[in-house]
Amino acid sequence: MRPTISLLTLIWLLTASSMTVAEVLATREDIRKQTGSFMDMIASGRIVAAYSSLRPYLGVDSGAYDDSAKEAATYFQQVRKQAGEPVGSSHVATEIIASDFTRETWLQKFEAAAIAWRFTYYQPDVSGWKLVGVSYSTELDDLYHTAE
């Protein structure tokens, strides 16, 4: 006897298997801890693992995110060849837009260079924070502030 499956059941199964419900971070302090952990993994050369550690909190397409992780791994192999091993990281800023967006900026330091990492989280309601962007850049001009 051949098993039969209704078209609606098949559509539901395909849709359910492709859907992932993002976990959320409850507080901005949780965001700080997660991004700090990410930076620790980056410092030890575990780029893909660092990206994977934030993947459960994605509020965007995981395919593009996974591609970014692979690109970053390739890029940072080249950075290490040219700049050497990282010598540390610093939390630079936490910026917010009301209770809707949070952006964490970290600096990954090398002997003769630095890279700014930015993590953007969105909270559409009060149910928690979802990651919507990770970026890195050697352009540091907008990180400068007047000394107090």
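Computed from a prediction, not measured in an experiment: that's the story for all the values here. (Residues numbered from 1 in each chain as written. Predicted model: local features only at pLDDT ≥ 70, side-chain atom pairs only at ≥ 80, totals over all residues. Heavy atoms only, no water.)

A. Structural context of the overall build of the chain. A count of helical and extended segments in the chain gives 4 helices and 4 strands. Taken from the N to the C terminus, the helices and strands of the chain come in the order α-α-α-α-β-β-β-β. By residue count, 29% of the 148 residues in the chain fall in the buried class. Pairs at least 24 residues apart make up 48% of the contacts formed inside the chain by residues separated by at least 6 positions. Of the roughly 9,500 Å² that the chain leaves accessible, carbon and sulfur atoms contribute 55%. (Helix = DSSP H or I, 4+ residues; strand = E, 2+ residues; numbered from the N terminus. Buried < 20%, exposed > 50% of the residue type's maximum accessible area, 1.4 Å probe, protein only. Contact = heavy atoms within 4.5 Å. Areas by Shrake-Rupley, 256 points an atom, 1.4 Å probe, with all protein chains shown as cover.)

B. Region of interest: the pairing of strand β2 (residues 101–109). Relative to β2, strand β1 (residues 88–97) runs antiparallel, the two being bridged by 9 bridges. Following the sheet pairing, E95 is matched in β2 by R103. With antiparallel pairing between neighbouring strands as the criterion, β1 and β2 make up a hairpin whose turn holds 3 residues, including A98 at a positive phi of roughly 50°. As paired elements, β2 and strand β3 (residues 114–122) share 9 bridges and run antiparallel to each other. Residue pairing in the sheet places L107 in a bridge with A116 of β3. (Pairing = 2+ DSSP bridges.)

C. Broad picture of the packing of aromatic side chains. Following the criterion strictly, the structure yields 12 aromatic pairs and no others. Judged by centre distance (5.3 Å) and plane angle (20°), the rings of F76 and W117 are stacked. Within this pair, whereas F76 is found in helix α4 (residues 62–83), its partner W117 is found in strand β3, the two being separated by 41 residues in sequence. Each member of the aromatic cluster is reached from another via a ring pair, and the members are F38, Y51, Y65, Y75, F76, W117, F119 and Y136. (Phe/Tyr/Trp six-rings, centres within 6.5 Å; stacked < 30°, edge-to-face > 60°.)

D. Spatial organisation of the sheet that holds β1. Within the open sheet, the 4 strands sit side by side as β1-β2-β3-β4. Their pairing is antiparallel. Taken across any chain shown, the strands that pair with only one partner, and hence form the sheet edges, are β1 and β4 (130–137). Going across the sheet, the axis of each strand differs from the next one's by a mean of 15°, ignoring polarity. Pairing of β3 with β4 involves 7 bridges; the strand directions are antiparallel. By the bridge assignment for β4, T120 is matched with G133. Helix α3 (residues 47–54) contacts β3 and β4 of the sheet and is inclined by roughly 155° relative to β4. Contacting β2, β3 and β4, α4 crosses the sheet at an angle of about 25° to β4. (Axes fitted to C-alpha atoms, helices over the stretch in contact; angles between N-to-C directions.)

E. Just the nonpolar core, in detail. If you look at the biggest cluster of nonpolar residues, it comprises 26 residues, and the most contacted ones within it are F38, Y51, W117, F119 and Y121. For this core, the secondary-structure elements that each account for two or more residues are α2 (28–43), α3, α4 and β3. When residues of this core are assigned to their parent elements, the largest contribution, 6 residues, is made by α4. (Core = buried A, V, L, I, M, F, W, Y, C linked by side-chain atoms within 4.5 Å.)

F. How the structure looks around the pattern of salt bridges. Counted according to the given criterion, the structure contains 5 salt bridges. For the salt bridge of R32 with E104, the shortest nitrogen-to-oxygen distance reads 3.3 Å. Placement of R32 in helix α2 and of E104 in strand β2 is noted, with a sequence separation of 72 residues between them. Residue R32 is classed as partly exposed on the basis of its relative accessible area, which comes to 31%. (Salt bridge = Lys/Arg side-chain N within 4 Å of Asp/Glu carboxyl O.)

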